[in-house]
Amino acid sequence: MGPHPAVAAIRLAVRRVLHDILNDHQTSPRTPDGPAERAPSAAAPLVLVACSGGADSMALASALAFEAPKLGIRAGGVTVDHGLQAGSDLRAQEVVLRLRELGLDPVESHAVTVGREGGPEAAARDARYAALDAAAARHGATAILLGHTRDDQAETVLLGLARGSGIRSLSGMAAVSGAGGRYRRPFLHLDRQTARKACMVQSLPVWDDPHNADPAYTRSRLRQEGLPALEKALGKGVVEALARTAQLSRDDADALDTWARQAEAAVRDSAGLLECAKLYALPPAVRRRILRRAAIEAGAPAGSLFARHIEEVDRLITGWRGQGAINLPGRVVAQRQGGRLVIRQG
C-alpha cells in the first residue's frame, strides 16, 4: 500500500522541484523509474527548507527529507525567530529539533530584529528573507523551499487587487523567485488542507501561529473573514480561481516586461535620454513599465514606487501642459525638458 494521498501529493510536488533544481545545475539525467537512494556527496547541491513549525512548512520539510536522498541532494533547514511573541526562541529550538529528527542537516535557527518600515507584516517579511539569504550564503545552498500554498496565493492576489497596483500585483507569488532562482514554492498548486492532512497522517507535530488569526494583521483578516465571505457569496472554487488568475496574470506581465525591455532602447536618444514622442507612441502598459524601470535605475526604491507615482510621470508624456517636476520616492525627480524625459536624483 502506498502513502496517504496527501503525503503522496506533497512528495510529488517536492520531487518535481528537486528535479528542476538538478536540471538547472546541469546534473546528469536519471532514468524515468527514478534512481536508487544514495548518500549525497559533499559536492551535491544543498537545498534548505524554510520552516516555521506550521503545517505547511512541516509538510514541506518531511517531503524534502524523504525525496532529497533519492536524488543525491543534501537537505537542510532553517527557522527564523522573529522575536514578536513570548517564548519564540524556545519554539525556534523545538523546530530545529523536529527538523533534525527528520534527518535534515544542516539545521539552524536565526533570530532577527523586525523593524517598522512598510508596516509589521512587510517588516517581518523583509527580516525573514534577509535571514534566509544569509543562511543560503553561509551554507552555500542552491535553493530554499518555501511552503506557500494555493490558499496563500489567493490571499496575495486579493491583497494586490486591494492595492490597485496593476497586473503584476495580481500575479501573486512566483513558483521561482529570488537571486538566481533561489526561492522555490512547490505547493502553489496544493491547498492548505492537504499539507495539514499530510502532517496529521505522519504524526508530525505542528504549531499554529496565533498571528495567523490576529485581526490586527491584514492578511489574517482576509483569511478569517474575507475569503470565507467571498466563498459564501460566490460559491466554492474562489481560491482555485484566484490562483488561476495569478498564473494568467503572471504570464501576461512577463510578456509585457519583455516587450518593455526590447522597446526601451528604441525610445532613447544618443545620450540615453527618453524621448517623449516615442514613448507616447507605445501602448500605456509598455510605456509605464519603461518609466518604472527608469525610476528604479535612478534610485527610487521599488517597494515604495506605486502605480500613482508612475501615473504622474506618465502625464508628463500624455498630458503635457508645462507642469513642473514630479517628486518620486528615494529623492528621485522626473521632469520634461526639451522633448526629453529626465529622471534623476534630485
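What comes next concerns the included structure. (Residues numbered from 1 in each chain as written. Predicted model: local features only at pLDDT ≥ 70, side-chain atom pairs only at ≥ 80, totals over all residues. Heavy atoms only, no water.)

**Topic: the packing of helix 1 (residues 5–24) against helix 2 (residues 55–67)**
- The contact between helix 1 and helix 2 brings their axes to 9 Å, and the two run at 60 degrees. The angle between helix 1 and helix 2 falls in the class oblique. Our pair here, helix 1 against helix 2, has a crossing hand that is right-handed. Residues I10, R11, V14, R15 and L18 of helix 1 form the contact with helix 2, whose own contacting residues are A59, L60, S62, A63, L64, F66 and E67.
- For the contact of helix 1 with helix 2, the class distribution of residues is 8 nonpolar, 1 polar and 3 charged. (Axes fitted to C-alpha atoms, helices over the stretch in contact; angles between N-to-C directions. Helix = DSSP H or I, 4+ residues; strand = E, 2+ residues; numbered from the N terminus. Parallel < 35°, antiparallel > 145°, perpendicular 65-115°, else oblique. Left-handed = near helix turned anticlockwise from the far one by under 90°. Contact = heavy atoms within 4.5 Å. Nonpolar A, V, L, I, M, F, W, Y, C, P; charged D, E, K, R; others polar.)

**What about the pattern of salt bridges?**
- This structure, assessed with the given rule, holds 24 salt bridges.
- Between R15 and E67 there is a salt bridge, and its shortest N-O distance comes to 3.1 Å. In this pair, R15 sits in helix 1 while E67 sits in helix 2, placing the two residues 52 residues apart along the sequence.
- E67 sits in the buried class, given a relative accessible area of 1%. (Salt bridge = Lys/Arg side-chain N within 4 Å of Asp/Glu carboxyl O. Buried < 20%, exposed > 50% of the residue type's maximum accessible area, 1.4 Å probe, protein only.)

**As for the pairing of strand 2 (residues 74–81)**
- Among the 8 residues of strand 2, 7 are classified as buried, and the element is accordingly described as predominantly covered.
- Strand direction decides the pairing type here: strand 1 (residues 46–50) and strand 2, joined by 5 bridges, are parallel. Counted as the bridge partner of A50 is V78 from strand 2.
- What joins strand 1 to strand 2 is helix 2, and the crossover it makes is right-handed.
- Summarising the sheet, strand 2 and strand 3 (residues 107–111) pair through 5 bridges and their orientation is parallel. The residue of strand 3 that forms the bridge with G77 is V107.
- In this region the chain leaves strand 2, passes through helix 3 (residues 88–101) and returns to the parallel neighbour strand 3; the handedness of that crossover is right-handed. (Pairing = 2+ DSSP bridges. Right-handed = clockwise from strand over helix to strand, strands pointing away.)

**Some details on the packing of aromatic side chains**
- According to the stated counting rule, one finds 1 aromatic pair in the structure shown.
- Relative to Y183, the ring of Y129 lies with its centre 5.1 Å away and its plane at 85 degrees, an arrangement referred to as edge-to-face. Placement of the pair is Y129 in helix 4 (residues 120–139) and Y183 in strand 6 (residues 183–184), with a sequence separation of 54 residues. An identical accessibility class is assigned to Y129 and Y183; each is buried.
- Positioned over the ring face of F66 is R11, at 3.6 Å from the centre of the ring. (Phe/Tyr/Trp six-rings, centres within 6.5 Å; stacked < 30°, edge-to-face > 60°. Lys NZ or Arg CZ within 6 Å of the ring centre and 35° of its normal.)

**Observations concerning helix 4**
- Spanning 20 residues, helix 4 covers 29 Å between terminal C-alpha atoms, matching the ideal 28 Å at 1.5 Å per step.
- Within the span of helix 4, buried status applies to A122, A123, A124, A127, Y129, A131, L132, A135 and A136.
- Here the buried face of helix 4 lies against strand 1, strand 2, strand 3, strand 4 (143–145) and strand 6.
- G140, located one to two residues past helix 4, shows a positive phi value of around 70 degrees. (Expected span 1.5 Å × (residues − 1).)

**Some points on the nonpolar core**
- Core analysis: the biggest nonpolar cluster contains 37 residues, and L18, L64, L104, L145 and F187 have the highest contact counts within it.
- Every element with two or more residues in this core is listed here: helix 1, strand 1, helix 2, helix 3, strand 4 and helix 7 (192–201).
- Of all the elements, helix 1 adds the most residues to this core, at 9 residues.
- The residues contacting F187, other than those within four sequence positions of it, are I10, A13, V14, D56, A59, L60, G147, H148, T149 and R150.
- Counting residues in each nonpolar core, the second largest holds 25 residues, with A263, A295, I310 and V313 among its members. (Core = buried A, V, L, I, M, F, W, Y, C linked by side-chain atoms within 4.5 Å.)

**Some remarks on helix 7**
- Those residues of helix 7 lying buried are R192, T194, A195, A198 and C199.
- For helix 7, the elements touching its buried residues are helix 1, helix 2, helix 5 (150–163) and helix 8 (218–234).
- S203 sits one or two residues past helix 7 and shows a positive phi near 60 degrees.

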